[in-house]
Amino acid sequence: MIDTLAGAALAAEPLTPAQDDDPLQAHFHAGVIPDEIEQVFHLKRAQPTLQAFTALFHGGQDSVTLRLLVLRELASDSASSAFSRADINLKFAYLVPESLETVINRLRTHGLLAWDAPAAVYRITPMARNVLAALDTLLSVGSQSDEDDADMGFLLSQVAGAQAVGGVTVDQLKHLMGRLNALTEEFRDAIASGSEFQLRTSQEKWHTACDWVEKGSEILRAITTDERADAATHRAAQAIGRAQSALLNMQGMFSRALNQIERQRVHLGQSGLSTTDVKLWLLAHEDLASLAEDAIDRPVVPIFITPAEMIDVAETELLAERAPHTGPAGLPSGEDAPLTINDNPQIQRELDTWISRLSSFANLDTFPEVAAGSPKQVPIQDSLLPASFAVASYRASLLPLLGDAAEASLQGATAQLARLPVRFDASDAMLELDDPEVAAMSVATLSLIQESGSQEDE
C-alpha cells in the first residue's frame, strides 16, 4: 500500500527539467533550452579551447602578461620539446620563484602544460601551441599597421589559411564581409560630411583598403572555384565580392566630392592662399593660445568700487544741472563714397592668359616636348610655372574645371575652359621643385583627350 501511494505521488509530481542543473539556464527565459541554440551548441563543443583561453586571460593584466611570457618562452624553444623543472627555473631565473610556481601550476591544471611523470619533464600541449599560433598571428599583424589595417589583415589571413587547408567556414567569410560593409559606411559618411580633411583622411584609408581587397580577390576566386565548398560558402564569397565592388566604386565619389570642394574653395585676395591653407597652418600649432601672445599690450583690469562711492556718484548725477539737449535741425550733409580699386580686370586678364595657354596646348603649338614627341601629356609644373606663387595657385584652382560637364554647359570664360579637350590627372604624392616661388607641388599631368573619330581613322 505504501509503495502504491509513493508511486502515485511521484507520478503526480511534475518532473524537474534536466536543464535546472545547467548554470547557463539561469540566463535564459523559462522554456528556452540553451542546447537547442546553434551558437550555444558550437561554443559548448569548443569548451576545451575556450578553457585554454580562460586559463590564460582570466585575472588582472599583470597575471595575464606573466602567463603569456612563460608559455611563449617555453614554446619558442625549438631545440627541446621537454623541460625539467630545473630547466624552467634556469630559463626564468629573473622571475620570483613563488610567481613562477603559480603560473606553472595554472598552466598545468588547465592542460596547457603536460607533466610526464616517468620522465619527470613538462611538455607543451598541442592545444597550447594552437592558442599561441592564433595569438601570434593577431599580434604580428597588429604591430605592423594601425588598427583598421590590422583587423582586415587578420581576417584575410584567417580566410586564406583556412582555404589553404580546405576548412574555410561561412562565419569567417561573414566576419570579413562585415568589416567591408563597415568600411563602406565609414567612407560614405566621410563623403556626406563635406569636410575636406575628413575626405582626404578617408581617401588614404580607402587606398589601403583597396590593397587588401586586391589580395582578398585572389582568395575569393579560389573559394568560388573550389568544388569542395558548399552552397552557403559560395553565397558568402559572392556577397564579399559585391561588397568589394561597392568599395572600389567609391573612387569616383571621392573625386567628385573633392572637385566640388576645390570649386568652392575661397581664396584670400591675390595672395594665392585659401581657407584650407589657413586651417592647415592653424592645425600645425599645438597651442593656439600662444598665437595671441604679445597681441594685447595690457590685459583688461577690472575696477571695483564701494557702495559709498556709488552713492556719491549717484548724488552728483542727480543734482547736476544739465542744459537742454537739442537735436540736429536737419539731415547731415552728404559725403563722397570712398574710392575702391576693382581687381576684376586683372583677374580676367590672368584667366584669359591661362585659357589661351591651355588652348595652345590643345592645338600642339605650345609645350615643345609635346609638339615634337610622342607622349601627349606634360607634368603639371611645366604648365603652371614659371609664375609667381599667387598666379600659380590661381591657375591650379581652375584645373578641376577641365572636363566638368556642368560647367561646360554654361556661358563665360570658365565654361570655355571646361570645354577644352584637356584632362587633368592628379595624385596624392608631392614633388619638390627647384623654383624660387613654389617649393613643392602635387604630382599631376595634363593630357590631351583624343577624339573617337580620329582614333577610328588611325
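Quantities reported herein were computed from a predicted structural model and do not represent experimental measurements.

A. Looking closely at the overall build of the protein chain. Broken down by element type, the protein chain carries 21 helices and six strands. Out of the 458 residues belonging to the protein chain, those deemed buried represent 28%. Long-range pairs, those at least 24 residues apart, make up 55% of the contacts in the protein chain between residues at least 6 apart in sequence. Split by element, the accessible area of the protein chain, about 30,300 Å² in all, is 57% carbon and sulfur.

B. Local environment of the nonpolar core. Ile223 and Leu247 are the most contacted members of the largest nonpolar core, which totals 28 residues. Going through the elements one at a time, α8 (147-164), α9 (170-193), α10 (196-224), α11 (231-248) and α12 (250-263) are the ones with two or more residues in this core. It is α10 that provides the largest number of residues to this core, a total of eight residues. If we ignore the near neighbours within four places in the chain, the residues touching leucine 247 are Leu180, Leu183, Thr184, Phe187, Trp206, Ala209 and Val213. The next biggest cluster of nonpolar side chains, apart from the first, holds 25 residues, and it includes Ala52, Val64, Tyr122 and Ala128.

C. Structural view of the packing of aromatic side chains. A full pass over the atoms with the stated rule returns five aromatic pairs. Pairing tryptophan 115 with tyrosine 122 gives two aromatic rings, centres 4.7 Å apart and planes at 55 degrees, and the pair type is tilted. Given the relative accessible area of 5%, tyrosine 122 is considered buried. Pairwise contacts between aromatic rings join Phe187, Trp206 and Phe254 into one cluster.

D. Broad picture of α10. Taking 1.5 Å of rise per residue, the 29 residues of α10 would be expected to cover 42 Å, and the 39 Å separating its terminal C-alpha atoms lies within 8% of that figure. Those residues of α10 not exposed but buried are Glu196, Leu199, Ser202, Gln203, Trp206, Ala209, Cys210, Val213, Gly216, Ile219, Leu220 and Ile223.

E. Fine view of the pattern of salt bridges. Under the counting rule described, the total for this entry stands at seven salt bridges. Glutamate 101 is the partner of arginine 85 in a salt bridge, and the nearest nitrogen-oxygen pair spans 2.6 Å. You can see arginine 85 sitting in helix α5 (residues 85-91) and its partner glutamate 101 sitting in helix α6 (residues 97-109), a full 16 residues away along the chain. On the accessibility criterion, glutamate 101 (31% relative accessible area) is partly exposed. For glutamate 185, the salt bridge identified is with arginine 188, shortest N-O distance 3.6 Å. With glutamate 185 and arginine 188 both in helix α9, this residue pair falls three residues apart, about one helical turn. Residue glutamate 185 is classed as partly exposed on the basis of its relative accessible area of 42%.

F. Inspection of the pairing of strand β3 (residues 121-124) at higher detail. As paired strands, strand β1 (residues 82-83) and β3 are joined by two bridges and run antiparallel to one another. For alanine 82, the partnering residue across the bridge sits in β3 and is arginine 123. Across four bridges, strand β2 (residues 113-116) lies against β3 in antiparallel orientation. In the sheet register, aspartate 116 faces β3, and the bridge partner there is valine 121. Taken together, β2 and the strand that follows it, β3, pair antiparallel across an intervening segment of four residues, in which alanine 120 is found at a positive phi of about 55 degrees.

G. Representation of unusual backbone geometry. Proline 386 follows leucine 385 through a cis peptide bond whose omega is 5 degrees. Along the polypeptide, proline 386 turns up in the loop between α17 (380-384) and α18 (389-398). A positive phi angle is found at alanine 120, which is not glycine, with a value near 55 degrees. Relative to the elements of secondary structure, alanine 120 occurs in the loop between β2 and β3. On the basis of relative accessible area, alanine 120 is assigned to the partly exposed category, the value being 38%.

Cut-offs and rules
- Residues numbered from 1 in each chain as written.
- Predicted model: local features only at pLDDT ≥ 70, side-chain atom pairs only at ≥ 80, totals over all residues.
- Heavy atoms only, no water.
- Helix = DSSP H or I, 4+ residues; strand = E, 2+ residues; numbered from the N terminus.
- Buried < 20%, exposed > 50% of the residue type's maximum accessible area, 1.4 Å probe, protein only.
- Contact = heavy atoms within 4.5 Å.
- Areas by Shrake-Rupley, 256 points an atom, 1.4 Å probe, with all protein chains shown as cover.
- Core = buried A, V, L, I, M, F, W, Y, C linked by side-chain atoms within 4.5 Å.
- Phe/Tyr/Trp six-rings, centres within 6.5 Å; stacked < 30°, edge-to-face > 60°.
- Expected span 1.5 Å × (residues − 1).
- Salt bridge = Lys/Arg side-chain N within 4 Å of Asp/Glu carboxyl O.
- Pairing = 2+ DSSP bridges.

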